[in-house]
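Residue-level structure breakdown
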Amino acid sequence: MKVMVVGGAGYIGSHCSKILVDRGYDVVIVDNLSTGHRKAIEPRASFYEGDIRDYDFLDKVFKKENVSAVIHFAAKSLVGVSMVEPIDYFDNNVNGTLVLLKAMVANNVKKIVFSSSAAVYGEQKVFPITEEALPNPECTYGETKLQMEKMMKWADIAYGVKYVSLRYFNVAGAFPTGEIGEDHNPETHLIPLILQVPLKKRECISIFGDNYDTPDGTCIRDYIHVVDLIDAHIKALEYLMAGNNSDIFNLGSEEGFSVKEMIVTAEEVVGEKIAKKVVARRAGDPAILIASSKKAKEVLKWKPQYSLKEMIGTAYHFYQLHKDGYQDK
Ligand code: UFG
């Protein structure tokens, strides 16, 4: 079966493309390389460089490749930047998905697995967060993901486009061989930044606030290994190919770790102390985000395998092999 991976040169998309090919799928990657890396592109896949907002480009790829389904990762995803560049985020994420759906419908491709986000939930009061919680995005990024979900809902009703929307929590780690991993510029995520200290690229890790209403005062997040996350995407793809209806699933580990706990675990993994300092809170950070993944476990028969130590360990391995990232920009 042939699958189009949109955003296949990015962190999560590159893992998806590799694992799909490993499992015997034919993969067609579409990416505009705005944040993705040429060196992260799965060599056994076909690659088309272009933007999903370009209908003619997408139409040509669909006509040439005859894919059965799409997995969609192409989105801008920095919460902070989304607050200062909202129009850019709506254009890239919402408009991009609109054009993608248009091209899919015109080419009779009616299955899509889509990367949504925990950011659609915003600040919630009940944990773990289930799919029934009322979305309440507090940043433009989360709002764009919610609108993308809504667009798919109505495209399903009108044209029968079946979708699975996967709301991720904090994705971490790298492919265990260290071939591909997370390389963002600028980097804003906690685990890569913590690891920059033992890698001698930063003097200390800044803890964004230690006066939250949590046991140790630092923010609690639910981390999931990128390989487990992709396993859920492939299960979602199989679920749609089996003729099931559209649905939404959370993907997390159901366990929360505070920023301080993350630093202690990283120290255990790398075998040395990591310098840290407490600084002011970062705008827009909810105190706690923990997912209920019960629905994905029950319906998709998904079960995450990687521990927190393995998430940090595989990420560290990638950085040891790629000291300055992919170096292709
Ligand atoms: N943090 C620090 N210091 C840092 C970096 C992060 O203390 O140098 C803290 C943050 O304040 C937060 C936690 O570490 O409490 C995790 O921060 P990340 O930036 O790694 O991840 P986020 O939780 O902000 O973001 C993730 C995804 C987003 C998604 C969001 C949903 O990366 O795409 O969860 O809230 F939208």
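Residue positions within a chain follow its written sequence, with the count starting from 1. Only residues with pLDDT of at least 70 are given local features in this predicted model, and only at 80 or more are side-chain atom pairs given and counted; all residues enter the totals for whole chains, interfaces and linings. Excluded from the side-chain calculations are hydrogens and water; all other atoms, namely the structure's heavy atoms, are used.

1. Focus: the site of the ligand
This is how the line gets drawn: The nearness test applies per residue and asks whether one of its heavy atoms lies within 4 Å of the molecule or strand. Side-chain atoms alone can form a polar contact between residues adjacent in sequence; in general such a contact is a pair of N or O atoms within 3.5 Å, and within protein one must be able to donate a hydrogen while the other accepts it. Computed by Shrake-Rupley with a 1.4 Å probe, the accessible areas treat only the displayed protein chains as cover when residues are assessed. By definition, any uninterrupted DSSP run of H or I lasting at least four residues is a helix, any uninterrupted run of E lasting at least two residues is a strand, and each is numbered from the N terminus. For this scheme, ten residues count as nonpolar: Ala, Val, Leu, Ile, Met, Phe, Trp, Tyr, Cys and Pro. Four count as charged, namely Asp, Glu, Lys and Arg, and the remainder, Gly too, count as polar.
H189, L190, S206, R282 and D285 are the nearest of the 21 residues found near the ligand. Taking T188, its main chain carries an N or O atom lying 3.3 Å from an oxygen atom of the ligand. R221 places a polar side-chain atom, nitrogen or oxygen, 2.9 Å from an oxygen atom of the ligand. In the complex, 91% of the free accessible area of the ligand, which totals 690 Å², lies under the protein chains. Here the element with the most residues in the shell around the ligand is strand β8 (residues 205-208); it accounts for 4 residues. Here the residues of the shell around the ligand are counted per class, giving 12 nonpolar, 6 polar and 3 charged.

2. Digging into the sheet that holds strand β3 (residues 46-49)
Strands in a sheet are paired, the pairing made by backbone hydrogen bonds, and the direction either parallel or antiparallel. Let me state the cut-off plainly: Only strands that DSSP links by at least two bridges are regarded as paired with each other. For helices, the fitted line uses only the C-alpha atoms of the stretch in contact; every axis is such a line through C-alpha atoms, and the angle between N-to-C directions lies from 0 to 180 degrees. In this description, contact between two residues means that some pair of their heavy atoms is separated by no more than 4.5 Å.
Read from one edge to the other, the open sheet built from 7 strands follows the order β3-β2-β1-β4-β5-β6-β11, with strand pairing classed as parallel. Two strands lie at the open edges of the sheet, namely β3 and β11 (247-251), each paired on one side alone. Recorded for the sheet is a direction-independent mean angle of 20° between the axes of neighbouring strands. Two strands pair when backbone bridges link them, and strand β5 (residues 111-117) and strand β6 (residues 162-168) are joined in this way by 7 bridges, in the parallel orientation. Note that in β6 the partner of S117 across the bridge is Y168. Relative to the sheet, helix α2 (residues 55-65) contacts β1 (2-6), β2 (26-31), β3 and β4 (69-72), its axis offset from that of β3 by approximately 160°.

3. Section: the packing of aromatic side chains
This is how the line gets drawn: The pairing test for Phe, Tyr and Trp rings, Trp by its six-membered ring, is centres within 6.5 Å, and the orientation test on the planes gives stacked under 30 degrees, edge-to-face over 60, and tilted for anything in between. Whether a charge sits over a ring comes down to the Lys NZ or Arg CZ being within 6 Å of the ring centre and within 35 degrees of the ring normal.
By the definition in use, this model includes 4 aromatic pairs. Counting every residue linked through ring pairs, the aromatic cluster contains F318, Y319 and Y326. The positively charged end of R281 is found above the aromatic ring belonging to Y212, 3.8 Å away from the centroid. Here the basic side chain of K295 rests over the ring of F249, its NZ or CZ set 5.2 Å away from the ring centre.

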